[in-house]
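What follows is each chain in one-letter form.
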Amino acid sequence: MDQTMTPARTLAARPGAALLTAAALLVGVGGLLLAALTLPAPGEGTPPDARAWLAGILALLAVGAVGVRGAAQGESRAARTLPAAFTLILAVLGTEALLRAYAVPAGLIPTPGRVLSALWTARSVLLQDTYTTFVLEALLGFLAGTVLGLALALLVVRFRFLERGLLPYAALFSSIPIVALAPVIVKAVGLDWPSKTVVVAVTVLFPVVVGAVRGLQSASRLHLDLMHTYAATPVQTFRDVRVPGALPFVFGALKVASTLALISAIVAEFFGTNGHGLGFRIQIEVGRFGLDIVWAAIVLASIAGIAFFALVSSAEARLLPRRS
Amino acid sequence: MTTLRPSRVAGLGPMLIVALIAAALYWPLMLAANVGPAGRTLASGAELNCRTALACASQLRNPVVPAPAQLAQGFVRLSTPVTSPLALPYNVGVTAGETLLGLLLATVTGIGLALLLVASRAFERATLPWLVASQTVPVVAIAPMLAVLLGQYGVQGFLPKAIIAAYIAFFPVAVGMSRGLRSADPLHLDLMRTYHASPAQTYRLLRFPASLPHLFTALKVAVTSALVGSIVAEISTISFSGLGKMLAENSRASDTVALWVIMAYGALLGVTLVALVNALERWVTPWTRR
């Protein structure tokens, strides 16, 4: 913590340290890359002496970690973003090298290289699955749940009775495990993708309602009184005071809901599909020990999840007034 | 959640009325949902001891929405005998045990991570973006794979499910705890410094107590995700007990009434677990109560 206070310890003040850091990182990344490339992939040739390789790879990882630690010093933009990127590179290369050194069978844990090649060879099927899970189920369900949730929140705020009678149930329902809900809805609506969309909409609904209500009620008494003295109409008050005050809460809820949406779409697919979707693919390939396809599906699901989250975050950044 | 309820007693009346309205609407909604399938079943000439589609709506073997009588029967069928390993109470207990063990693991991991995050800025910058990204990743997708992997290394029984539950639940704990550890009053921190307190003393006397409210808020989120984790783990591993196993079995057998009953039990378990964490919070941090 004190590192922030003393500029003498930042990289900018010590160019020699920066050079050393860069050298450490280079040795770490380069060594791991070399190890990963020269080691025979599991299944090809005889497994080398694991203990010597372990020592070497751990040493390289340590060197890389020192580099990352150095890169994280200072306050520049690079110091805030580069370490994360380097950790990913080190983690992926280290995994590849370790898996190869220990000759772990691909049926158990596939190396990152194999996952990438599976991602490429099965791309058309996996992209189709991603489309079904992400666009048809998660996105559509998210939109439906959000619209419904906001409408419900407006009703709850408007009618005091609903606030006291309905809102506690919404809070209660959000502690229900979505997995228990999914099979019932899938059985009721059918095996096609709309059933999963409904599951997503239901899971998105509760956090949005709770967040939006809390936001709409967060307007300060003072501002409301001020609007009253201005003789503002209720519509004006709502538009100019309540809605802007509610937006941070709503977006907080939407961010939570965006990750929930994808998760519930995948879980719902575990309970029956007509043969499409990432959840279905994962379930069926685990059963056949095709773990490189499973990991490839997980990679795609992760990318979709991160993109979804980033989408909501960028909408938030655009719509929310900057805090001064 | 507590902020939503200004007063417990005053809120009960409207809640009761809404519950009554929902109960009153249940019968017509059930009929409306089941009439279509009932008509189709009748048209297919299946053995049903009823004439019209409307009369059959409450007697379908696989109803879309089960009739109250069917639900009650399902409850009795799945809950008795109470001690049987095939009945729901036992399986709910198993899932609850896995969830709590998972929550414990998640808490230990989360607090450890939080300590690292607070202690080292390099660690925070190098890993926090990936920890955040790991949450936008649908973590349940990893559960089936993790289950296979742990099974290969001979980890069996309670533990793999608890590990998967912990894997899903550790993040809120880590973030909440690190926020909590940083939430100590700067004035108090300065005071500790003037007392020449050691870092360990500062943590024990100031930072940990200050972090507890944050920790419990995080635990309430974590316990529901841990429950989801253990159920998903039960679905995707070869398990012989637990809610997830019952869900998977009855889903395969298309026993809709059983699915509804299991859902009700799952909801009950979720609410109970959150209430448990609430009770623990009130016991550990009595000073946060007004």
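Calculation rules
- The numbering scheme is per chain: residues are counted from 1 as the chain's sequence reads.
- Naming scheme: in the order in which they are written, chains are lettered from A and ligands are numbered from 1.
- Given that the model is predicted, a residue must reach a pLDDT of at least 70 before its local features are reported, and side-chain atom pairs must reach 80 or more before they are shown or counted; all residues, however, enter totals for whole chains, interfaces and linings.
- With hydrogens and water set aside, each side-chain value is computed from the structure's full complement of heavy atoms.
- UniProt positions are given in the numbering used here, feature names are shortened, and annotations may be inferred rather than shown by experiment.
- Only DSSP runs of H or I reaching four residues or more are called helices, and only runs of E reaching two or more are called strands; each is numbered from the N terminus.
- The split of the chain into domains comes from an automatic or database domain assignment.
- The contact rule is simple, with two residues in contact once any of their heavy atoms fall within 4.5 Å.
- A simple way to read buried area is as the amount of 1.4 Å-probe accessible surface that goes missing from two parts once joined, with both sides added.
- Only protein chains enter the accessibility calculation, which uses a 1.4 Å probe. A residue is then buried if its area is under 20% of the maximum for its type, exposed if over 50%, and partly exposed in between.
- Here is the rule: rings of Phe, Tyr and Trp (six-membered ring for Trp) pair when centre to centre is within 6.5 Å. Planes less than 30 degrees apart are stacked, more than 60 are edge-to-face, and the remainder are tilted.
- One side-chain nitrogen of Lys or Arg within 4 Å of one carboxyl oxygen of Asp or Glu is enough to make a salt bridge.
- For the purposes of these results, a polar contact is taken to be a pair of N or O atoms within 3.5 Å, where, inside protein, one atom must be able to donate a hydrogen and its partner to accept one; residues adjacent in sequence count only when each atom of the pair is a side-chain atom.
- Any residue outside Ala, Val, Leu, Ile, Met, Phe, Trp, Tyr, Cys, Pro, Asp, Glu, Lys and Arg is labelled polar, Gly included; the first ten of those are nonpolar and the last four are charged.

## What to know about the UniProt feature "domain: ABC transmembrane type-1" (unreviewed entry) in chain A
Here is step 1 of the chain: According to UniProt, the positions carrying the feature "domain: ABC transmembrane type-1" (unreviewed entry) are residues 127–312 of chain A.
Here is step 2 of the chain: This span, residues 127–312 of chain A, is 85% helix and 0% strand, and a straight line between its end C-alpha atoms measures 22 Å.

## Observations concerning the domain arrangement of chain B
Residue and element names in this part refer to chain B.
Here is step 1 of the chain: Entries for chain B in the domain assignment read domain 1 (35–65) and domain 2 (88–284).
Here is step 2 of the chain: Once you take the C-alpha centre of each, domain 1 and domain 2 turn out to be 44 Å apart.
Here is step 3 of the chain: In this complex, domain 1 contributes 4 residues to the contact, which on the side of domain 2 involves 5 residues.
Here is step 4 of the chain: Broken down residue by residue, the surface that domain 1 buries against domain 2 is led by Asn62, Pro63 and Val65, which jointly contribute 78%.

## Quick word on helix H6 (residues 143–152) of chain B
A turn of α-helix holds 3.6 residues, and therefore any two residues three or four places apart point the same way.
Here is step 1 of the chain: When you tally the buried positions in H6 of chain B, you get 8 out of 10 residues, the bulk of the element.
Here is step 2 of the chain: Those residues of H6 of chain B not exposed but buried are Ala143, Pro144, Met145, Leu146, Ala147, Val148, Leu149 and Leu150 of chain B.
Here is step 3 of the chain: Taken together, the buried residues of H6 of chain B touch helix H13 (278–287) and helix H14 (291–319) of chain A together with helix H7 (158–182) and helix H9 (199–236) of chain B.

## Quick word on the packing of aromatic side chains
Residue and element names in this part refer to chain B.
Here is step 1 of the chain: Throughout the structure, instances matching the rule amount to 5 aromatic pairs over all chains.
Here is step 2 of the chain: A centroid spacing of 5.8 Å and a plane angle of 45° characterise the contact between Phe75 and Tyr265, whose relative ring orientation is tilted. Taken together, the residues span a long stretch of sequence, with Phe75 in helix H3 (residues 68–79) and Tyr265 in helix H11 (residues 256–284) at a distance of 190 residues.
Here is step 3 of the chain: Residue classification places Tyr265 among the buried residues on the basis of a relative accessible area of 16%.

## Re the side chain of Ser211 of chain B
Here is step 1 of the chain: Summarising the element assignment, Ser211 of chain B is placed in helix H9.
Here is step 2 of the chain: Ser211 of chain B gets classed as buried once you look at its relative accessible area, which sits at 0%.

## Let's talk about the interface of chain B and chain A
Here is step 1 of the chain: Across the boundary between the two partners, chain B contributes 52 residues, which contact 61 residues of chain A.
Here is step 2 of the chain: A combined buried area of about 5,200 Å² lies between chain B and chain A, and 77% of that area is made up of carbon and sulfur atoms.
Here is step 3 of the chain: There are 0 salt bridges connecting chain B and chain A.
Here is step 4 of the chain: Run the count over chain B and chain A and you get 2 residue pairs in polar contact (both at pLDDT 80 or more).
Here is step 5 of the chain: Elements that contribute at least two residues to the side of chain B that touches chain A include exactly helix H1 (8–43), helix H5 (121–136), H6, H9, helix H10 (243–252) and H11 of chain B.
Here is step 6 of the chain: Looking at the side of chain B that touches chain A, its residues break down into 38 nonpolar, 11 polar and 3 charged.

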